[in-house]
Amino acid sequence: MKKIWIALATVLVATASPVHAQQTAQQTDVMASVNRFVEAFNKGDPRTMVKSCTAEPTIIDEFPPYAWHGIGACAAWVRDYNAFAKKSEITDEAMTLGKPTHVDVTGDRAYVVIPTDYTFKQKGKPGKEAGSEFTFVMQKVGTSWKVAGWAWAAK
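Fair warning: this is a prediction, and the values are worked out from it, not measured in the lab.

*Asks:* I keep staring at the overall build of the chain and nothing clicks. Help me out?
*Replies:* Within the chain, the regular secondary structure consists of three helices and seven strands. Seen in sequence order, the chain has helices and strands lined up from the N terminus as α-α-β-β-α-β-β-β-β-β. Residues classed as buried in the chain amount to 33% of the 155 residues present. Total accessible area on the chain is roughly 9400 Å²; 60% of this is exposed by carbon and sulfur atoms.

*Asks:* Teacher, can you tell me more about the side chain of Asp61 here?
*Replies:* For Asp61, the location among the structural elements is in the loop between strand 1 (53–60) and strand 2 (67–69). Summary of buried charges: Asp61 has no salt-bridge partner, and the nearest side chain of opposite charge, Arg79, is 13 Å away. With residues near it in sequence (within four places) discarded, Asp61 still touches Tyr66, Trp68, Trp77, Trp150 and Trp152.

*Asks:* I keep staring at the packing of aromatic side chains and nothing clicks. Help me out?
*Replies:* How two aromatic rings sit relative to each other is given by the distance of their centres and the angle of their planes. Considering all chains together, one arrives at 16 aromatic pairs under this definition. Judged by centre distance (5.2 Å) and plane angle (85°), the rings of Phe134 and Trp152 are edge-to-face. Placement of the pair is Phe134 in strand 6 (residues 125–141) and Trp152 in strand 7 (residues 144–153), with a sequence separation of 18 residues. Neither Phe134 nor Trp152 differs from the other in exposure class; each is buried.

*Asks:* Help me understand the state of the cysteines, please; the structure alone is not making it clear to me.
*Replies:* Throughout this description, disulfide means a covalent bond between two cysteine sulfur atoms. Following the criterion strictly, the structure yields one disulfide and no others. Across a sulfur-sulfur distance of 1.9 Å, Cys53 and Cys74 are joined as a disulfide pair. Between Cys53 and Cys74 the sulfur-sulfur dihedral comes to about -75°; the bridge is accordingly left-handed. On the criterion of sequence distance, the pair formed by Cys53 in strand 1 and Cys74 in helix 3 (residues 73–87) is long-range, its members being 21 residues apart. With respect to class, Cys53 is no different from Cys74; both count as buried.

Cut-offs and rules
The residue numbers shown here count from 1 along each chain, following its written sequence. Only residues with pLDDT of 70 or above have their local features reported here, since the model is predicted, and side-chain atom pairs are shown and tallied only from 80 upward, although totals for entire chains, interfaces and linings are computed over all residues. The side-chain values count all of the structure's non-hydrogen atoms but skip hydrogen atoms and water molecules. Each helix is a run of DSSP H or I of at least 4 residues and each strand a run of E of at least 2, with the numbering of both proceeding from the N terminus. For every residue, the accessible area (1.4 Å probe, protein chains only) is compared with the maximum for its type, and the residue is labelled buried under 20%, exposed over 50%, or partly exposed between those bounds. Areas reported here follow the Shrake-Rupley algorithm with a probe of radius 1.4 Å; residue values treat only the protein chains shown as occluding. For the purpose of charge, His is not counted, nor are the chain termini; Lys and Arg are scored as positive and Asp and Glu as negative. Salt-bridge detection follows one rule: a side-chain nitrogen of Lys or Arg within 4 Å of a carboxyl oxygen of Asp or Glu. Residues count as neighbours in contact if any of their non-hydrogen atoms are within 4.5 Å of one another. Pairs were defined over the aromatic rings of Phe, Tyr and Trp, the Trp ring being its six-membered one, requiring ring centres within 6.5 Å. Orientation was assigned from the angle between planes: stacked under 30 degrees, edge-to-face over 60, tilted for the rest. The disulfide criterion is simple: two cysteine sulfur atoms within 2.5 Å.

So this is what it looks like as structure tokens:
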């Protein structure tokens, strides 16, 4: 009986490992795309941010008009964010991602939730939204993972 259990455990480990390895590789690829998007924001590189999005993303954020959707939504968000930041005298913006709480990949879609700190200066004074949540929906387009949507939840 002991030999049967050992054989069964060996079969389960042998068949589960390739699936786990593939899932881990997909999660790594998804997170690399998320990180590129955030790095582009931190560098003030709107062109890379827009290229990181699908053709018709959905975006929810904490400043008016609060929601963007469809063709050109990423570019519209960049335009509106820059206008909001200028009006509010916000400069030196940066996001610092924490350890993701979810990186779920199913086929060509992924769901990612990451605690994130957003730091900035407003009218020259330091500000911070600590412990906020950045949620992404990613879609694989060709060989690349793209942002199909994101939602920002400030704390």
